[in-house]
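Residues per chain, in single letters:
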Amino acid sequence: MAKKLMKGNEAIGEAAIVAGAQAYFCYPITPQTEVAEYLAKRMPEVGGVFVQAESELAASQMIFGAAAAGARVFTTSSSPGISLMSEAMSYIAAAELPAVFINIIRCGPGLGGILPSQGDYLQATKGGGHGDYRFLVLAPSTIQETVDLTIEAFRLADKYRNPVMLIGDGLIGQMMEPVDFEGRTAPPRLDTSGWATTGCAGREPHIVKTLFLDPNVLEQRNRKMRDKYEQMKREEVRFETYLCDDAPELLVAAYGTTARVVRTAVDRLREEGVKVGMFRPISVFPFPDEPLRQQALVPSVKAVLVVEMSMGQMLEDVERALQGRRPLHFFGRGGGNVPAPEELVRECRRLLGNGQGGR
Amino acid sequence: MGEPITIFKRPASLRDAFTHYCPGCTHGVIHRLIAETLDELGLRERTIGIAPVGCSVLAYNYFYCDFQEAAHGRAPALATGIKRVLPDRIVFTYQGDGDLASIGTAEIVHAANRGEKFTTIFVNNAIYGMTGGQMAPTTMPNQVTTTCPRGRDVNLAGWPLPVADLLAQLRTPSYVERVAVHTPRHIIQAKRAIRQAFQYQAERRCYSFVEVLSTCPTNWGKTPAEACQWLDEVMVPYFKLGLKKSPDRPPVE
Ligand SMILES: Cc1ncc(C[n+]2csc(CCOP(=O)(O)OP(=O)(O)O)c2C)c(N)n1
Ligand code: SF4
């Protein structure tokens, strides 16, 4: 199959179908509504389930019901909708159900705006819903990577019996790029027959629940979940480095669309002979602490700059990874503004002390 | 002397378990009526129940069939998710009045309005039982609870929410009936309604909803007998019993 020009949101819909998603529950919200519009057409064509729910509260609880009934399920939303889904996220993680959530982040807080942002990083990686749980969180930066990570998200959700979240800023949803589905197939499905509620013919009843009043039983579950998160830290760390192998003076850390702008800025600086490299986390939970630390501690690196479309959220993870061993700087844009390559070029020059003009 | 014959036994759809419900609480009666229905219609092995948050959160300790436990008020959303991916299974939600008529109002109205083909058994006991007797949307005018210590003031809290009557207004075909379980005669009627509800689902006809007026002697501060009498004298005149809507009767234009 040749490459196809697709809008990010539609590519997400098609990728989920390729991944074997059996049901999709949603509620419209900009800038991701095209996923719903695409799947309203496509799901019935492949014998799948499409439901427009009355709210994100309900859509995400439909995910609970369908996942606990053994189906491969997912939903998409954007920031305010994700807040409403946080209730179900906690319950789905607690019940150890595989499910995929995609957040095409818009600027906030509150109703905010409909332009791109990375302001839900902390919500995605540190919880959002109540209780002691984590999502595995992936952050693509191109539409092709969005397709591949969407498919991968379904595999990982099954592998860990834990929800997986893909975060993309509004640009990921709205941008058009050529994508290739060649060779992409549905990950093998987890055997759900030991726990899914499908009717108890020929076996003892299955109960999917999250109430555990005995503290020792609940603590056991907490520990088991913790062990899963530790396994994710060992096995699912993903990142990319760009021009980091020739003793750069400055390391820029960025993810998602921001990393694309950083890449352009790095290229321009390189043309001027300024040695800058980029570190791009792809998994943001688990965060690539160790690989980032190694890159940052290369003797040539004088400082680390974090660039985000927020007022500094991934910054906290980078800070933790660096353990204070390199000077750390931050450049953030908000309100839906995307950093321009020129301003990043200027900022990098300034930090390296050879700038013409600061901020 | 012939062999002794069994005239009363535990339905196969109930587990052999001790109840945690208070003495005189009619949750147990309602459980039994559902279990008898699952037995009689031969549905147990393909049924998935959904427990609410409320005194009946542990319903799965009593029912002998597959179960999911929902977040507070969200049982109809779970049921929708299950029924859409497993349309040939029997799905029912079991919900109290705080669960269904307060925090889960949107979910129940929209599930009914979409005509999701599952069954809801709505246990209306006019109070929040599990959390210790707070005002519910169905608390009666002037009824004293811990959060309306001077009695429900309808000028501030509104009138009790008549859910069965509300759902009966929807154009989407459904089966809606309100019953009670405070006397043997009412229990027999309740059984017939619950059976009818599951029957409609088994035939894939429509959404089915049975509101059951139920007692909470503990939080009403009454003996079991007084509770039955109060239900009859205070609740029944307001929450009118009977068939509210049927898929066999087309809506009046
Ligand atoms: C989101 C949320 N809010 C509040 C509660 C606390 N809570 C537990 S049960 C309940 C009310 C239950 O009352 P009802 O639905 O009438 O059932 P009953 O106990 O009377 O059978 C409440 C408010 C909760 N568990 N979750
Ligand atoms: S508190 Fe009320 S509803 Fe709950 S078990 Fe006791 S009597 Fe029944």
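Computed from a predicted model, the values in this text were never measured in an experiment.

Undergrad: Report on the site of ligand 2, specifying residues and quantitative values.
TA: What surrounds ligand 2 is the set Tyr21(B), Cys22(B), Cys25(B), His27(B), Cys55(B), Asn125(B), Gly129(B), Cys216(B), Pro217(B), Thr218(B) and Asn219(B). Residue composition of the shell around ligand 2, grouped by class: six nonpolar, five polar and no charged.

Undergrad: Describe the interface of chain B and chain A, naming the residues involved and giving the relevant values.
TA: Taken residue by residue, the interface counts 31 residues in chain B and 36 residues in chain A. Together chain B and chain A conceal approximately 2600 Å² of surface at their shared face, both sides included; 60% is due to carbon and sulfur atoms. Across the contact surface, chain B and chain A share three salt bridges. The salt bridge partner of Asp66(B) is Arg203(A), with a shortest N-O separation of 2.7 Å. The interface formed by chain B and chain A includes 17 residue pairs in polar contact (both at pLDDT 80 or more). Listing elements by their share of the side of chain B that touches chain A, those giving two or more residues are β1 (47–51), β2 (66–69), α2 (75–85) and α4 (105–114) of chain B. By residue class, the composition of the side of chain B that touches chain A is 14 nonpolar, six polar and eleven charged.

Undergrad: Report on the sheet that holds strand β12 (residues 276–281) of chain A, specifying residues and quantitative values.
TA: Residues and elements named next belong to chain A. The five strands are arranged β10-β12-β11-β14-β15 in an open sheet whose pairing can be described as mixed. With one partner strand each, in any of the chains shown, β10 (239–242) and β15 (328–332) form the two edges of the open sheet. Taken over all neighbouring pairs, the strand axes of this sheet differ in orientation by 20° on average, direction set aside. As paired strands, strand β11 (residues 250–253) and β12 are joined by four bridges and run parallel to one another. When the bridges of β12 are listed, Val-252 appears paired with Met-278. Of the strands in this sheet, β11, β12, β14 (303–308) and β15 are in contact with helix α11 (residues 314–322), which crosses β14 at around 160°.

Undergrad: An account of the site of ligand 1 is needed here, citing residue identities and associated values.
TA: All names here are of chain B. Surveying the vicinity of ligand 1 reveals 16 residues, the closest of which are Cys-55, Asp-97, Asp-99, Gly-129 and Met-130. In this structure, an oxygen atom belonging to ligand 1 sits 3.1 Å away from a main-chain N or O atom of Ile-127. For ligand 1, whose free accessible area comes to 590 Å², the fraction covered by protein is 76%. For the shell around ligand 1, the element with the highest residue contribution is helix α3 (residues 97–103), accounting for four residues. Residues of the shell around ligand 1, tallied by class, amount to six nonpolar, eight polar and two charged.

Undergrad: Outline helix α9 (residues 256–271) of chain A, supporting the account with residue identities and numerical values.
TA: All names here are of chain A. With 16 residues, α9 ought to run about 22 Å at 1.5 Å a step, and its terminal C-alpha atoms sit 24 Å apart, in line with that. When α9 is considered as a whole, its buried residues turn out to be Gly-256, Thr-257, Thr-258, Ala-259, Val-261, Val-262, Ala-265, Val-266 and Leu-269. Looking one or two residues past α9, Gly-273 carries a phi angle of roughly 85°, positive in sign.

Undergrad: Please give an account of the domain arrangement of chain A that cites residues and values.
TA: Residue and element names in this part refer to chain A. Looking at the assigned domains, one finds that chain A contains domain 1 (4–235) and domain 2 (240–351). Centre-to-centre separation of domain 1 and domain 2, based on C-alpha positions: 28 Å. Across the contact, 32 residues belong to domain 1 and 24 residues belong to domain 2. Each partner contributes to the roughly 2300 Å² buried at the junction of domain 1 and domain 2, and carbon and sulfur atoms together form 54% of this total. By the criterion of area lost to domain 2, the three top residues of domain 1 are Gln-118, Tyr-121 and Ser-141, representing 31% of everything that side buries. Seen at the junction of domain 1 and domain 2, the total is three salt bridges. Among the ionic pairs, Glu-145 bridges to Arg-280, the shortest N-O distance being 2.9 Å.

Undergrad: Tell me what's going on with the sheet that holds strand β4 (residues 73–77) of chain A, and back it up with residues and numbers.
TA: Residues and elements named next belong to chain A. Reading across from one edge, β3-β2-β4-β5-β7-β6-β13 is the order of the seven strands in this open sheet, with mixed pairing throughout. Only two strands of the sheet have a single neighbouring strand rather than two, namely β3 (49–52) and β13 (283–285). When the angles between neighbouring strand axes are averaged without regard to direction, this sheet yields 20°. In the sheet, β4 pairs with strand β5 (residues 100–105) via four bridges, with the strands oriented parallel. Within β5, the position partnered with Phe-74 by the bridge is Val-100.

Undergrad: Would you mind going over the packing of helix α1 (residues 27–40) of chain B against helix α7 (residues 184–202) of chain B in detail, with residue names and values included?
TA: Residues and elements named next belong to chain B. Here α1 crosses α7 at 45°, and the two axes come no closer than 9 Å. Relative to α7, α1 is oriented oblique. For the crossing formed where α1 meets α7, the hand is right-handed. Contacts between α1 and α7 pair Val-29, Leu-33, Ile-34, Glu-36, Thr-37, Leu-38 and Glu-40 from the former with Ile-187, Ala-190, Lys-191, Ile-194, Arg-195 and Phe-198 from the latter. By residue class, the composition of the contact of α1 with α7 is eight nonpolar, one polar and four charged.

Rules behind the numbers
Residues numbered from 1 in each chain as written. Chains lettered and ligands numbered in written order. Predicted model: local features only at pLDDT ≥ 70, side-chain atom pairs only at ≥ 80, totals over all residues. Heavy atoms only, no water. Near = heavy atom within 4 Å. Nonpolar A, V, L, I, M, F, W, Y, C, P; charged D, E, K, R; others polar. Contact = heavy atoms within 4.5 Å. Buried area = accessible area lost by both parts, 1.4 Å probe. Salt bridge = Lys/Arg side-chain N within 4 Å of Asp/Glu carboxyl O. Polar contact = N/O pair within 3.5 Å; in protein donor to acceptor, adjacent residues only side chain to side chain. Helix = DSSP H or I, 4+ residues; strand = E, 2+ residues; numbered from the N terminus. Pairing = 2+ DSSP bridges. Axes fitted to C-alpha atoms, helices over the stretch in contact; angles between N-to-C directions. Areas by Shrake-Rupley, 256 points an atom, 1.4 Å probe, with all protein chains shown as cover. Expected span 1.5 Å × (residues − 1). Buried < 20%, exposed > 50% of the residue type's maximum accessible area, 1.4 Å probe, protein only. Domains from an automatic or database assignment. Parallel < 35°, antiparallel > 145°, perpendicular 65-115°, else oblique. Left-handed = near helix turned anticlockwise from the far one by under 90°.

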